[in-house]
Amino acid sequence: MLGQHTNEITAALKDETKEVEIKQKFTYVNTSKDGLTALYFNDWNHAYSNKKTALAKRFAEEFKRSLHLAKDKERGHTNVVSIVDHNYAGLSWNRMGNSDVIRVQLEEVLAPGASVKLFFTYTIKLPNAKFTAYGFGPNGEYHLKDWYLTPAVYNDGWKLYDNMDLDDNYTDPANTSINFTYPDKLFLSSNFIDIGKSNFPGGQFIQLQGDNRKNCEIILERTSRFTKHVTGMITVTTDLESNRYDKISQGISINKIAVFLNENLGKYPHPNLLVSEIAYNKSPLYGINQLPSFIRPYEEQFQFEMKFLKTAIHSFLNETIYLDPRAERWVLDAIGNYLMIKYVEEHYPDQKLAGKLSKIWGFRGFHLAQMDFNEQYALLSMLSARKNIDQALDTPNDSLIKFNQKIANGYKAGLGMSYLAEYLGGQKVDSSITSFYRGHMLNPSVKAMDFQKEIEQHAEKDVDWFFKEYVSTRKKIDYKIKKVEKSEDSLTFVIKNKRGTKVPVSLFGLNKDSVVSQYWFKDIDTSRTFTIPRNGEDRLVLNYDKKIPEFNQRDNWKTLNGFFASNKRLKFQFFKDTEDPYYHQIFYVPIANFNVYDGITPGLRIYNKTFLERPFQYDISPTYSFLEKTVVGKASFRYRKYHGKSGLFVSNYVFAGSTSHFQVNSRYTTLTPAVSFGWRPDNLISNRRQSLLLRYRSVFRNIDESIADQLDTEPDYGVLNLRFIDVDNDILNYTSWFLDAQHSSDFTKLAFELEYRKLFESNRQFNFRLYAGKFLRNNTDSDFFSFALDRPTDYMFDLNYLGRSENSGIYSQQIIIAEGGFKSKLENPFANDWIVTTNASTNIWRWIEAYGDLGYIRNKGENARFVYDSGVRLNLVTDYFELYFPVYSNRGWEIAERDYGERIRFVVTISPKTLIGLFTRKWF
């Protein structure tokens, strides 16, 4: 290619130090229309160098501490020795802060069409592969990707991107040759071709060549796992395999996929396509196929082909279409996932999403078991939309939350192409993809607009809606059939556009289960009336084939023999399922709760929540207390309304109730109407959240007669509660605070709590908490509503005590960090006037911490008291499982007391929902 950069590299990998010594001669050709005074080069290996790089910050946002806590020997960095020009004159260069980009100042302006030779001498220290799968592995193996300096792209300005583990290095292609020396007894595989190889004592040497390539990927292994498959269209080097799918069959499948790619894209222009297990693991097939291998929901052939197809398409497109992968990633996502959908439609049209599980008794009745394999694209993309965290397809890659970046946006892009194909005709879209690929492969100036032009050129209908509405916004698609009027020869009906998103919608006429007519309607602003000829239809259904990623399909059809809702049957089903638009789904599942007074309480949870969120949800959980021989449990009814993607994000309207026992033969019942509002910042990746809660909790208590005389408050009461919460759930700098106001007939009080956790660069963590509370009025004579140092009475019944009224025994040792937050049981722990306490801890070694609590409390008519305690904390899982061992407090040396075992406190959380949140938080 005229004006192509050339890149000559001599590199030597040192096994002992995990370093690569590199000498690089780069000839940069200015293909732009501007004179350049400086050049920029991507140095992505340097992203592992410290805790302040963009990669480290990205990891922190995803609750990954591995890079922050890494040892120096595990980190990677680049040590630049010199950069000189063709006259061997040293050039000035600098790295902008912690950026992964190097700026090289030229001696003179590089005119358009001119070239300059640069000579780099540098050493890269490879990172441990545990961070991103790139670097050195535990068994002396290596995976090198984005490892040497490559030119940043100049296109109406420099495109400078840091490494964020998104596999989207944007670099100019070059004709690259590499002389690579590496240790003995390692097997090398690469996306480049091998043009010469030799061995010498203690090492090996290879010459690698890649023309018009962006980067050379090198995999070094202890055993030879890669095999080469030469087909009529392409040569593939791969280590993907299946133990239960023989090698010959694998070869046949690879050839079948090669034919498919050649027909639907075109000829692969490079001599070799690398399809690796590492690449697959970076972007796997999410969903049921990730179940453990012993379950194996799919046939071996299908599993292997889908795994190979996804990885091959990803490598194929990234090696040939040189779009900006950070700003315009959606184009390759659209093409890649569309081809995945098309492959299944052509070769496995009857494949179910649940695979073999769909035939198992007890599971086959689930709607999930009846879904086709390709329905997963709508299901998983809609999971994001129903949570109101979906993002436009053209959102930059580094601005996507993890779930959208890994799954939802790619699936939505592929689904959009399938939608477009259904609207225009599949051949039109197939031709536009093929034409785009063949006309723009290896073109470094290609843009998303070129893809749009190809589709517009092949389409015979207006497709502006696809790019302006579907791609560039996060607007939801939602249509509904309203009234239908029948005559002998025609049907007249109204289609309502519930969301105002002007995209085409399909209508199917059904007779029993057979399609007898199909139409497309467009330009529906709010609602429009249409008339179609009558052709024996007994139902009209919008989006019957589910090709349109519609927000709500529950109101998509009308029967012509009666009102729709009256014919929608109830469906009782064990456990949660996917949403079935043709039924009112009611789910049930056995549950069991526990507290000291009720014991283990088995029961049944009845609810309507599917895998996708819905606005109105109910959750009713009656359980039976064998100890009290009565029914206990809880119920809630909630309506949730989502607003914009940032700012005021969500509103919840809730009515909840619960009943249980707080002492033997003593029941409490709560009824709570509540409204809450949630806010989130414009940057959806941010973990900051704010909420405002307003609730009125009514408490009713039935007290056992034997202890009724001990009750020093009225058994029934109500509390109006207003609370504002601000949480920044950052793994390095966690901050949260709330302001709480409570009012009842007997008291009015204010409380403030601040919590801060800091993980220092020395890997030491410091935890600090401040709590302050004040009664504005207090007409009670008991401590039931008072502030508490260590174990609040929990008169609002918010805290999950196993034995809330226990004063001795193991259950009294449970601690929930609230109000004063003290760990020692001090005398007179209540305050009916005001309280101020601080709690602090820092780690001694790993999860062993020293803690200390200080505070003042004051009761009416008394002087303020100074209180303190200290001890050792085993912080096994913060907020979920912790142990506290008191050492010294107002009570003296507690560790020396005979009853010390009774003074040890524990934090335990047994709620599955809460624990699951530990693993799902990084995705959303």
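Notes on the structure follow. Please read these numbers as outputs of a predicted model, since none were measured by experiment.

As enumerated under the stated definition, the model contains 65 aromatic pairs in all. Look at Y298 and F373: their rings are 5.8 Å apart centre to centre, the planes differ by 75 degrees, and that puts the pair in the edge-to-face class. On the criterion of sequence distance, the pair formed by Y298 in the loop between α3 (277-282) and α4 (300-318) and F373 in the loop between α6 (367-370) and α7 (376-386) is long-range, its members being 75 residues apart. For the pair formed by Y298 and F373, the shared burial category is buried. Ring centres of W465 and F466 lie 5.9 Å apart, and the angle between their planes is 90 degrees; on these two criteria the pair is classed as edge-to-face. The exposure classification of W465 matches that of F466, with both residues buried. Linked through ring pairs, W330, Y419, Y423, F436, F451, W465, F466, F467, Y470 and W520 together constitute an aromatic cluster. One residue, K64, lies across the ring of F59, its end atom 4.0 Å from the ring centre.

Bringing the sheet that holds strand β8 (residues 135-136) into the picture now. Strand order in the open sheet formed by four strands is β8-β9-β17-β14, with antiparallel pairing between adjacent strands. Strands at the two margins of the open sheet, each flanked by one partner only, are β8 and β14 (187-190). Where strand β9 (residues 142-144) meets strand β17 (residues 218-221), three bridges bridge the pair, whose relative direction is antiparallel. Paired with Y142 across the two strands is L220, which belongs to β17.

This part is about empty space enclosed by the protein. As enumerated under the stated definition, the model contains 10 cavities of 30 Å³ or more in all. The space that makes up the largest cavity amounts to roughly 1000 Å³. Forming the boundary of the largest cavity are 45 residues, of which K145, D167, H314, S315 and N318 lie nearest the centre. The set of elements that each furnish at least two residues to the lining of the largest cavity consists of β20 (273-275), α3, α4, α5 (329-347) and α8 (402-424). By residue class, the composition of the lining of the largest cavity is 15 nonpolar, 16 polar and 14 charged. Estimated volume of the second largest cavity: approximately 180 Å³. If you trace the second largest cavity, you find 16 residues lining it, with S381, M382, A385, D390 and K412 closest to the centre. Among the residues making up the lining of the second largest cavity, the classes are represented as six nonpolar, five polar and five charged.

Side-chain direction in a regular strand flips from residue to residue, so the side chains alternate between the two faces of the sheet. Of the strand pairs in this sheet, strand β29 (residues 583-595) and strand β30 (residues 599-607) are connected by nine bridges, and their pairing is antiparallel. Note on β30: the bridge partner recorded for P590 is L604. Following β29, the chain reverses through three residues before pairing antiparallel with β30. Bridge count for β30 against strand β31 (residues 616-625) is three bridges, and the pairing is antiparallel. Counted as the bridge partner of I606 is I620 from β31.

Residues K480, K482, K483 and K496 make up a contiguous surface patch of positive charge. In terms of residues, the positive patch owes the most to one element, strand β21 (residues 479-486), which gives three residues.

Taken together, the side chains of F616, F637, Y639, Y653, F655, L671 and F700 define a hydrophobic patch exposed on the protein surface, amounting to about 640 Å² of accessible area. Those elements giving two or more residues to the nonpolar patch turn out to be β32 (630-642) and β33 (647-663). With respect to the helices, strands and loops of the structure, F637 is situated in strand β32.

Cut-offs used in this document
- Residues numbered from 1 in each chain as written.
- Predicted model: local features only at pLDDT ≥ 70, side-chain atom pairs only at ≥ 80, totals over all residues.
- Heavy atoms only, no water.
- Phe/Tyr/Trp six-rings, centres within 6.5 Å; stacked < 30°, edge-to-face > 60°.
- Helix = DSSP H or I, 4+ residues; strand = E, 2+ residues; numbered from the N terminus.
- Buried < 20%, exposed > 50% of the residue type's maximum accessible area, 1.4 Å probe, protein only.
- Lys NZ or Arg CZ within 6 Å of the ring centre and 35° of its normal.
- Pairing = 2+ DSSP bridges.
- 1 Å grid on protein atoms, 1.4 Å probe; cavity = no way out; pocket = protein on both sides within 12 Å on 5 of 7 lines; lining within 4 Å.
- Points joined across faces, edges and corners; volume = space filled by probe spheres on them.
- Nonpolar A, V, L, I, M, F, W, Y, C, P; charged D, E, K, R; others polar.
- Patch = residues over 30% accessible without salt bridge, like charges linked within 9 Å, V, L, I, M, F, W, Y side chains within 5 Å.
- Areas by Shrake-Rupley, 256 points an atom, 1.4 Å probe, with all protein chains shown as cover.
- Salt bridge = Lys/Arg side-chain N within 4 Å of Asp/Glu carboxyl O.
- Lys, Arg positive; Asp, Glu negative; His and termini not counted.
- Charge placed at Lys NZ, Arg CZ, Asp CG, Glu CD.

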